[in-house]
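Examining the three-dimensional arrangement
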Protein chains: 2
Amino acid sequence: MITIDYTLTMKENVATGLNSEVLEAIDLRFRTQLHRQLEARLADSTYAFRAGLSIAHDELPSIKRFLQENLGGMRNFVVVGIGGSNLGNLVLDRAFRGNGKSIYYLDNVEPDKIHRLFQEINLQETVFNIITKSGSTSETLANYIAVRNVLERKRLPLQKHLIFTTDPQKGYLQEIRQRDGIPTFHIPSPLGGRFSVLSTVGLLSSGFKGIDLESLLQGAHAAANDCLSDSLRTNKGLLLAALYIANYQKGRTINVLMPYSDRLHPFGQWFRQLWAESLGKINRDGKPVGQTPVDALGTVDQHSQVQLYMEGPDDKIITFIEILRHQNDISLDGEIDYFNGQTMAKLLRAQLHATQIALLQKQRCSLRIEMDELNEWNMGYLMYLYMYATVAAGELLGVNPIDQPGVEQGKEYTYALLDRPEYHEQRIQYEKLCASLRKYCV
Amino acid sequence: MITIDYTLTMKENVATGLNSEVLEAIDLRFRTQLHRQLEARLADSTYAFRAGLSIAHDELPSIKRFLQENLGGMRNFVVVGIGGSNLGNLVLDRAFRGNGKSIYYLDNVEPDKIHRLFQEINLQETVFNIITKSGSTSETLANYIAVRNVLERKRLPLQKHLIFTTDPQKGYLQEIRQRDGIPTFHIPSPLGGRFSVLSTVGLLSSGFKGIDLESLLQGAHAAANDCLSDSLRTNKGLLLAALYIANYQKGRTINVLMPYSDRLHPFGQWFRQLWAESLGKINRDGKPVGQTPVDALGTVDQHSQVQLYMEGPDDKIITFIEILRHQNDISLDGEIDYFNGQTMAKLLRAQLHATQIALLQKQRCSLRIEMDELNEWNMGYLMYLYMYATVAAGELLGVNPIDQPGVEQGKEYTYALLDRPEYHEQRIQYEKLCASLRKYCV
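Given the structure is predicted, the values throughout are model-derived calculations rather than measurements. (Residues numbered from 1 in each chain as written. Chains lettered and ligands numbered in written order. Predicted model: local features only at pLDDT ≥ 70, side-chain atom pairs only at ≥ 80, totals over all residues. Heavy atoms only, no water.)

**Points about the domain arrangement of chain A**
Residues and elements named next belong to chain A. Its domain assignment divides chain A into domain 1 (2-42 + 216-397), domain 2 (48-212) and domain 3 (408-435). Look at where the C-alpha atoms of domain 1 and domain 2 centre, and you get two points 30 Å apart. Each side of the interface is counted separately: domain 1 has 28 residues, and domain 2 has 23 residues. Carbon and sulfur atoms supply 72% of the area buried between domain 1 and domain 2, which totals about 2500 Å² over both sides. Taken together, the links from domain 1 to domain 2 amount to 2 salt bridges. The salt bridge involving Glu277 is made with Arg194; its shortest N-O contact spans 3.2 Å. Linking domain 1 to domain 2 there are 7 residue pairs in polar contact (both at pLDDT 80 or more). Contributing elements (two or more residues each) for the side of domain 1 that touches domain 2: helix H1 (20-43), helix H9 (213-226), helix H11 (265-279) and helix H14 (376-397). Considering each element in turn, the side of domain 1 that touches domain 2 owes the most residues, 8 residues, to H11. By residue class, the composition of the side of domain 1 that touches domain 2 is 18 nonpolar, 5 polar and 5 charged. (Domains from an automatic or database assignment. Contact = heavy atoms within 4.5 Å. Buried area = accessible area lost by both parts, 1.4 Å probe. Salt bridge = Lys/Arg side-chain N within 4 Å of Asp/Glu carboxyl O. Polar contact = N/O pair within 3.5 Å; in protein donor to acceptor, adjacent residues only side chain to side chain. Helix = DSSP H or I, 4+ residues; strand = E, 2+ residues; numbered from the N terminus. Nonpolar A, V, L, I, M, F, W, Y, C, P; charged D, E, K, R; others polar.)

Below is the structure:
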């Protein structure tokens, strides 16, 4: 059960808050035009995370069979992927204990990271899941080469220690797969990385860890049902998008997500990609738009960021996430008087509410999302809700939330610097540019 | 060796960059007035991180003796602290391998976090360092109670498994220390949490891990020597502060620190506290100021945040951190043509430079900090440089960088919600406020 409490971002309660009229106007925009556009996008192959839910559901039996038949003897699962091929896995891994098996991550390309991993794990009991939709992500391919070289050096069978997750048709991994007989899962073609957690991308590692995949998908399905209508009044995803974008339009250029739980910290990192990469771009009117997402953590960031949130510029909308019931709570009975009769979870929740009301007194706006407990159903719900809200926010800002044209140039220069012959022109351009600069360096 | 390259934030190279005149004007402000103020602050007890270096140096022999005599048989060191009592330790821990011993962290108050830790470690071989300057931080005291209860239940001697690090005179831990004979280290009174990494706060866990403390302090000392004069031309700390604040004054309200190394990721989290909590406040003219720090990570965030940095609003100044030499580099020779002859570290560095030049083409400003290699000397240098630059930035913004008045109200409400009798009035105020709100909740 997920609740959105937006009491403390409305003008009746906070002088700097939103007028109901602003939300009414956004509601009208959705009802008259934007919701139709949004539905067209969701029906279109490029926004398939809604349709993807039933594909995922149909694939569950084969995923489970694979896990049982092929990975039963494995202790470690290494996710080799970056961005959308990595963050969703991390969210589910850290949120749930599952069966206690371990998941590791190779995203960055750093020698030290690989050395540490290979020191820590027993390769005999380890499977590496190489995840790249395009099949050409350079970091993921570099880590794949490093992993493959080690497996070959140790004479471990590739078919047993590698799994590919990639586009069903194109890309480099498709070739290797056929040549070497590597077990391969497909990412439904239309599904972009940052919208892919509830597909084979996220389900394989989660299934390995014994996370309840049915419940996860059921929660997402319930969220999909709560995100159908064309009005903020009856569609939670539209409401969430409207709250964030109305705040953005009031100058709140920073969107802080602050769960009060270490177990939800990666959810903030996942959200951070979703929001930044989907919305940070040139809009239909040629204007650069995008709210900068910040992943904070309570209570930890009360000792780091909250001073700024309280007294710094009013350029942030802050969303607290509260877990109402924590399992195996810990008593604080002991030698400190005011802790007697208290528990750790009570302290955690008191800190959240105290911070939110203290922000109110500084006229700073915030939302609070409550979940009754941290379980798979709620996580599936929350992830779907945020994916939907992100696409809806794209409609409000007038951007295409699915592409990421701004990162192409950097990729090309990288290949140029690696001396790929196809990027020779770019290399010349790069060097000319660098040579023209006046250096400032101390 | 640390270099600041600010080529790509100057107007001659980037149309949206800084005029030399702007830097000249800041230079004049420092020379005529602000540097004198800054020196007064650094001489004053409340900014003792410069003077603290020689205190730390004098304490090294006794820290080492303690580690040898008392902790020789221990395998695990748990830092129990939050904010400034935690982040600096994490920076040094993740940056260096040391002797391979493990450091764990209890900062947040979450039942699950404690349970996981106690499951993972063998308590017999574990020492808990309770770090709180004031001796009253509620999260740290709550974790202390939980740890103490477990140690007592297992009949493990407190004198062997607990260490306190706290103010030499005041606070709750001083009482317990005397009663129970717990080994105790002092935080020099004037040293605020976020400026305390190079004191007993950070040196004990680092020493336990076999990190080279002399070299760390020597690097910091070298930085102190490079941050003495009253002019940007000859004082790197003033220059860094000027670059950040001149960008802030041009509307770059977000300060992104993006090291290209997992080993430096916690440095970003440490910086994030330093910058936010020191500068995010009401300034001398009654205006809310403060640049929002963001800790990014390369290359990972090229697949998450860089789209927004490229095409979103020009409201960010981005600092890349590059490590020039990586140890034990990994060859990418194998079946992918363009990787042959390349290494992982070369790919990592190519990604950084490609991204920086791609940003230039979008007229987005950035800096680059280079370190020849990631060693203790450079880390000490970098931490000192940023502490000094933060205090210098405080002078430019007209705020007192040492206090954090904005978090008091939240602390008081927390105590009120825990029913501490001394906070009864606050409790009534809190409830009245909540009762007056019109609820918005779905």
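**Observations concerning the sheet that holds strand S5 (residues 162-166) of chain B**
Either a parallel or an antiparallel arrangement is found when strands of a sheet pair, and the pairing is made through backbone hydrogen bonds. Residue and element names in this part refer to chain B. Taken together, 5 strands build an open sheet; the order of strands is S3-S2-S4-S5-S6 and the sheet is parallel. Among the strands making up the open sheet, the edge pair consists of strand S3 (102-106) and strand S6 (184-186). Between one strand and the next, the sheet's axes are offset by a mean angle of 20°, whatever the strand orientation. Direction of pairing for strand S4 (residues 126-132) relative to S5: parallel, over a ladder of 5 bridges. Counted as the bridge partner of Phe128 is Leu162 from S5. Strands strand S2 (76-80), S3 and S4 of the sheet are contacted by helix H3 (residues 87-95), whose axis makes an angle of about 150° with S3. Against the sheet, helix H7 (residues 172-180) contacts S4, S5 and S6, and its axis sits at roughly 140° relative to S5. (Pairing = 2+ DSSP bridges. Axes fitted to C-alpha atoms, helices over the stretch in contact; angles between N-to-C directions.)

**Comments concerning the pairing of strand S11 (residues 316-325) of chain A**
All names here are of chain A. Among the 10 residues of S11, 8 are classified as buried, and the element is accordingly described as predominantly covered. When S11 meets strand S12 (residues 366-373), the two strands line up parallel, connected through 7 bridges. Following the sheet pairing, Glu322 is matched in S12 by Glu370. After leaving S11, the chain enters helix H13 (residues 344-361) and then returns to the sheet as S12, a path that is right-handed. (Buried < 20%, exposed > 50% of the residue type's maximum accessible area, 1.4 Å probe, protein only. Right-handed = clockwise from strand over helix to strand, strands pointing away.)

**Details of the environment of Gln404 of chain B**
Tracing the sequence through the fold places Gln404 of chain B in the loop between helix H14 (376-397) and helix H15 (408-417). Among the residues examined, Gln404 of chain B registers a relative accessible area of 29% and is labelled partly exposed. Put simply, Gln404 of chain B and Gly280 of chain B are 124 residues apart on the chain and 8.8 Å apart in space, counted from C-alpha to C-alpha. Ignoring anything within four residues of it in the chain, the contact list for Gln404 of chain B reads Gln307 of chain A together with Arg194, Glu277 and Lys281 of chain B. Among the polar contacts listed, one links the side chain of Gln404 of chain B to the side chain of Arg194 of chain B, at a separation of 2.6 Å.

**Observations regarding unusual backbone geometry**
All names here are of chain A. The peptide bond linking Gly298 to Thr299 adopts the cis configuration, its omega dihedral lying at -5°. Of note in the backbone geometry, Arg155 takes a positive phi value of approximately 55° without being a glycine. On the secondary structure map, Arg155 appears in the loop between helix H5 (138-153) and helix H6 (158-161). Arg155 gets classed as exposed once you look at its relative accessible area, which sits at 76%. Phi at Asn328 takes a positive value of approximately 50°, unusual for a residue other than glycine. Looking at the element boundaries, Asn328 is found in the loop between S11 and H13.

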